[in-house]
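Here are the chains, one letter per residue:
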Amino acid sequence: RDSDENSYSSQDDSKAVAVIRSVGELSVPEKYKSTHQIRPSCAFPVSHDKEEKCRHVLSYVLKGLKAVDGTIKKESDLPAADPNTPIPLKYEDRSAIGACAAETGISLLLERGQSPSIKGMSPGSWQHRMKLQLFLKASKAYYVLSDAATNLLKYGRALRYIKLSLQSYDAYCSVSGTLHPQVLQFHSQCLSLCGDIQLMLAQNANNRAAYLEEYSYQTKEDQEILHSLHRESSCQAFNMATDLATDPEYTLFVSNKCYEAAYELLDSEALKDHSPDQLTQVLKRLGNIRNEMGVYYMNQSAAMQTEKEVKKSVSVAEQEMWKKSFAFFEKGMKDFEAIGDRTNTALLLCNTGRLMRICAQAHCAMSADQNRGEFSPEEALYYNKAIDYYLRAMRSLESRESHTAVWDSVNWELSTTYFTLATLLQDYAPLSRKAQEQIEREVTEAMMKSLKYCDLQTESARQPLYQYRAATIHHRLASMYHSCFRNQVGDEHLRKQHRSLAELHYSKAVCLFLSLKDAPCELLRTLLERVAFAEFTMAGQSSSAAKLKSLTGAIEIMTETRHAFQMIHNELLEESPDVASGPTSGLNLQEVMKLIGVFEPSFSFLLLQLIKLMTTMKRKPSNKDEEVLKTYKNVYSKLLRAEKNAPLLSRVKLHMELLQQLTLISPPAPLK
């Protein structure tokens, strides 16, 4: 079973949380990918015609720029640039730059175009007008090339082209007095595409070497255009947005800032109400990148937990990661809420629920000898907060029909969290601050809520996991009521209640474990506990009639164990005979041996009690009774004579045969 899915215990739960990844696609819903795809996973390659057209446009742009530059008097302060010397595209690691410097760099994205510096041209002259057109055409051609490269998953090339596009735009701003709304709208698109590329680079950090090679390559034509741009501008304004950084965290940060800048442009007075569709797209991207960043910091905090050699109090670094993660999730939710995207809002709520579970695990109390302490109030607080976020996610979706995969994921997480809460409360009961009865009530309530979200009907990959969980819940509740019944003295009404609840939950657990076909140890353990429960109830009985009824009931439960032994037998046969390679099945042999160690004396005790009771009966036995007694004696004799050191397979086979013999007889008639 998948470790992420099969989180039946608190230990597994921590693993389940740590593997959460990020948004961007919903191919694996339980990993909480946003349904908003930044880039289609199977994008069609852009036709070469479009790229060729862009290349033609750029060659005409270069010819035009050379012609215009030739007519403009050379400025004395211009450096003598050799068009054959490549201008390096910087790709130094900017992750060392602090957030403040990065913020400053991004603020420049919005400040271009305020003070044109026209060198050697009169404003309004034909050269001026030509340069404006040529710079804008270059920017648009490079944008199309960048978009095409992005669709081909060539993110290094895409970043190089968007850098050239933004450098052309920077030069345009340097010679333009005013920026028209259409130009600002196009600039917003460039920034948004730059955000997409940086996000893809962060998500594919393993391919950085290939992207660096693509990014560093330059054609002679691009070099010459860049030299011409440098006559009007330093083209440095967008360096931060278009650098290829080494740190995924910094790359995500840059992507977020690009989207923020794109949003601010679209939300500005100049563009308000001009392009609502574009604004919706940018808000989706903002919600998505904020979820990515929230998940990034959440994973960092989970990694800190697993790396701790000694479990001690929560570190400041962990708390910082939680705060950052939570803040990004909150912002992302607001972005998706602003455009009425209920599905992605639900996914962010779900991720916040996961974050709360990580916080809960970090607050797990440990004793001096590194043993698990009592379930702490902080753990309870964070698990309950997680539950609140999952319930909010369900309310956001409204119904399963709105998005089946997301709904099913939220449902699973909700059931898991209630189950984890109940299990920890039961196994590490906070008896120092709560009464036993109150803990039992809280365990029952959380278990029943987990059961409520166990979807046993829908056929899916999770169905057997739900069945296993439901069976485990019934088994745990049965054990709890069994224990209550044993320890309860005096209140007969309460004892009766506990007895009937234990019987009910044992019966349900057995049915579910039987239907699973791959949980023989759990089935055997549940049945043996149920036999022990029947034996305990019999201890208080004085009449032979009541004892006979209890014993035959217990032996009937015992015969049910043949199903578990059959499964164990099959698994043992399937195991590899090669000892060196070890067992191939998922059978826990140690557990099997332990359970057989309980089964044999319990089975033998029941048979002996039945034989004694039936032999000393006052009434004359019928032929049927004599047949039954003979069978019991025969089975008991074989059990006693069995070789204790026989191989496991032989012992299992014998138990199957003896139990099968018992199924062929009817129980003795009840005593009057």
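Here, the structure is the one placed above.
Going along each chain's sequence as written, the residues are numbered from 1 onward. Thresholds applied to this predicted model are a pLDDT of at least 70 for local features of residues and 80 or more for the giving and counting of side-chain atom pairs; totals over whole chains, interfaces and linings are not thresholded and use all residues. Values reported for side chains reflect all heavy atoms of the structure, with hydrogen atoms and water molecules removed beforehand.

K.L.:
Sorry, what's going on with the overall build of the chain here?
P.N.:
Each helix corresponds to a stretch of at least 4 residues labelled H or I by DSSP, and each strand to a stretch of at least 2 residues labelled E; elements are numbered beginning at the N terminus. Counting its regular elements, the chain contains 24 helices and zero strands. To sort residues, take the accessible area from a 1.4 Å probe on protein chains only and compare it with the maximum for the residue type: under 20% means buried, over 50% means exposed, and anything in between is partly exposed. Out of the 672 residues in the chain, the part that is buried amounts to 52%. Expressed as a percentage of contacts within the chain between residues at least 6 apart in sequence, the contacts between residues at least 24 apart total 77%. Surface exposure of the chain reaches about 31,100 Å², of which carbon and sulfur atoms provide 54%. Residue contacts are defined here by distance: any two heavy atoms, one from each residue, within 4.5 Å place the two residues in contact. To measure how exposed things are, a 1.4 Å probe is used in the Shrake-Rupley method; for residues, cover is taken only from the protein chains shown.

K.L.:
For this particular structure, what's the right way to read helix 22 (residues 589–615)?
P.N.:
Side chains of residues three or four places apart in an α-helix project in the same direction, reflecting 3.6 residues per turn. Spanning 27 residues, helix 22 covers 38 Å between terminal C-alpha atoms, matching the ideal 39 Å at 1.5 Å per step. Two N or O atoms count as a polar contact when they lie within 3.5 Å, although within protein this holds only if one can serve as hydrogen donor and the other as acceptor, and sequence-adjacent residues are included solely when both atoms are side-chain atoms. Between a side-chain oxygen at the N-terminus of helix 22 and the backbone nitrogen of Gln590 the separation is 3.2 Å; the capping residue is Asn588. Expected helix span is taken as 1.5 Å per residue step, with the number of steps being one fewer than the number of residues.

K.L.:
It is not clear to me how the environment of Glu657 should be interpreted in this structure. Could you clarify?
P.N.:
Along the chain, Glu657 turns up in helix 24 (residues 648–663). Residue Glu657 is classed as partly exposed on the basis of its relative accessible area, which comes to 47%. C-alpha of Glu657 to C-alpha of Arg562: the two residues are 95 residues apart in sequence and 8.6 Å apart in space.

K.L.:
Explain the packing of aromatic side chains to me, please; I cannot follow it from the model alone.
P.N.:
Working definition: an aromatic ring pair is given by the centre-to-centre distance plus the angle between the planes. In this analysis, rings of Phe, Tyr and Trp, with Trp reduced to its six-membered ring, are considered paired at centre separations within 6.5 Å, and the interplanar angle assigns stacked below 30 degrees, edge-to-face beyond 60, and tilted for intermediate values. What the rule picks out here adds up to 18 aromatic pairs. Through a chain of ring-to-ring contacts, three or more aromatic side chains come together here, namely Phe485, Tyr506, Phe533 and Phe536.

K.L.:
Quick question: what am I supposed to make of the environment of Ala346 here?
P.N.:
Tracing the chain through its elements places Ala346 in helix 13 (residues 342–362). When the C-alpha atoms of Ala346 and Trp407 are compared, they prove to be 8.7 Å apart, with 61 residues separating the residues in sequence. Aside from chain neighbours lying at most four places away, what touches Ala346 is Ala393, Ser396, Leu397 and Val406.

K.L.:
What should I look at first to understand helix 14 (residues 377–397) in this one?
P.N.:
With 21 residues, helix 14 extends 31 Å between its outermost C-alpha atoms, agreeing within 8% with the 30 Å of an ideal straight helix rising 1.5 Å per residue. Three or more residues of helix 14 are buried, namely Glu379, Tyr382, Tyr383, Ala386, Ile387, Tyr389, Tyr390, Ala393, Met394, Ser396 and Leu397. Of the residues trailing helix 14, Glu398 is marked for its positive phi of about 70 degrees.

K.L.:
I'm lost on empty space enclosed by the protein in this one. Help?
P.N.:
Taking a probe equal in size to a water molecule and rolling it over the atoms shows the remaining empty space. A 1.4 Å probe that fits but cannot get out identifies a cavity on a 1 Å grid over protein atoms alone, an open set with protein on both sides within 12 Å along at least five of seven lines counts as a pocket, and a residue lines either if it has an atom within 4 Å of a point. Grid points are joined across faces, edges and corners, and a volume is the space filled by probe spheres set on the points. Summed over the entire model, instances satisfying the criterion amount to two cavities of 30 Å³ or more. If you add up the space inside the second largest cavity, you get close to 40 Å³. Lining the second largest cavity are Glu600, Ala642, Glu643, Lys644, Arg651, Leu654 and His655. The biggest single contributor to the lining of the second largest cavity is helix 24, with three residues. Each residue gets one label: Ala, Val, Leu, Ile, Met, Phe, Trp, Tyr, Cys and Pro are nonpolar, Asp, Glu, Lys and Arg are charged, and the others, such as Gly, are polar. Of the residues in the lining of the second largest cavity, the class split is two nonpolar, one polar and four charged.

K.L.:
Honestly, the pattern of salt bridges in this entry has me stumped. Any pointers?
P.N.:
Side chains that carry opposite charge are capable of pairing whenever their charged atoms lie near each other. One speaks of a salt bridge when a side-chain nitrogen belonging to Lys or Arg is within 4 Å of a carboxyl oxygen belonging to Asp or Glu. Across all of its chains, the model carries 27 salt bridges by this definition. The closest approach of N and O atoms between Glu221 and Arg55, which form a salt bridge, is 3.1 Å. Here Glu221 is found in helix 8 (residues 220–230), whereas its partner Arg55 is found in helix 2 (residues 48–71), with 166 residues between them in sequence. Here Arg55 falls in the partly exposed class, since its relative accessible area comes to 22%. One network of salt bridges, in which partners are shared, links Arg55, Arg160, Glu221 and Asp222.

K.L.:
Would you mind showing me how to read the state of the cysteines here?
P.N.:
What makes a disulfide is a covalent bond joining the sulfur atoms belonging to two cysteines. Only a pair of cysteine sulfur atoms within 2.5 Å counts as a disulfide in this structure description. Under the defined criterion, the tally for this structure stands at zero disulfides. Of the cysteine sulfurs around Cys194, a residue in no disulfide, the closest is that of Cys258, at 3.9 Å.

K.L.:
Even after reading the chapter, I still don't get the packing of helix 23 (residues 623–641) against helix 24, so can you show me in this structure?
P.N.:
To describe two helices that pack against each other, one gives the angle between their axes and the distance between the axes. Under this scheme, a helix contributes an axis fitted over its contacting stretch, all axes are lines through C-alpha atoms, and angles between N-to-C directions fall in the 0 to 180 degree range. Interhelical geometry of helix 23 versus helix 24 gives an angle of 170 degrees and a closest axis separation of 10 Å. Taken as axis vectors, helix 23 and helix 24 run roughly antiparallel relative to one another. Counted together, Thr631, Tyr632, Asn634, Val635, Lys638 and Leu639 of helix 23 and Leu654, His655, Leu658, Gln661 and Leu662 of helix 24 form the full contact between these two elements. Of the residues contributing to the contact of helix 23 with helix 24, the split by class is six nonpolar, four polar and one charged. The cut-offs work like this: below 35 degrees is roughly parallel, past 145 is roughly antiparallel, 65 to 115 is roughly perpendicular, and the gaps in between are oblique.

K.L.:
Any chance you could explain the nonpolar core here in plain terms?
P.N.:
Considering soluble globular proteins, one finds that nonpolar side chains tend to be buried as a cluster. Working definition of a nonpolar core: buried Ala, Val, Leu, Ile, Met, Phe, Trp, Tyr and Cys residues. They are joined through side-chain atoms within 4.5 Å. Formed by 112 residues in total, the largest nonpolar core has its most connected members in Phe565, Phe603 and Tyr632. Once residues within four sequence positions are removed from consideration, Phe603 is found in contact with Ile555, Met558, Val635, Leu639, Leu658, Leu659 and Leu662. Listed in part, the 75 residues of the second largest apolar core include Cys54, Val175, Tyr211 and Leu266.

K.L.:
Looking at this model, I keep getting lost on the side chain of Ser188. Mind explaining?
P.N.:
Structurally, Ser188 is set in helix 6 (residues 181–203). Within polar-contact distance, the side chain of Ser188 engages the side chain of Gln278 at 3.5 Å. Those residues within four positions of Ser188 in sequence are excluded, and the remaining contacts are Ala262, Leu265, Leu266 and Gln278.

K.L.:
Quick question: what am I supposed to make of the environment of Leu659 here?
P.N.:
Mapped onto the elements of the fold, Leu659 is located in helix 24. Spatially, the C-alpha atoms of Leu659 and Thr559 are 5.3 Å apart, while their sequence positions differ by 100 residues. Look past the residues within four positions of Leu659 in its chain and what remains in contact with it is Met558, Thr559, Thr561, Arg562, Phe565, Phe599 and Phe603.

K.L.:
Help me out: how do you make sense of unusual backbone geometry in this one?
P.N.:
Most peptide bonds adopt trans geometry, and most residues besides glycine take a negative phi value. For Leu153, which is not a glycine, the phi torsion comes out positive at approximately 65 degrees. Owing to a relative accessible area of 45%, Leu153 belongs among the partly exposed residues under this scheme. In the Ramachandran plot, Cys235 falls in the positive-phi region, its phi being about 55 degrees despite a non-glycine side chain. For Cys235, a relative accessible area of 2% gives the class buried.

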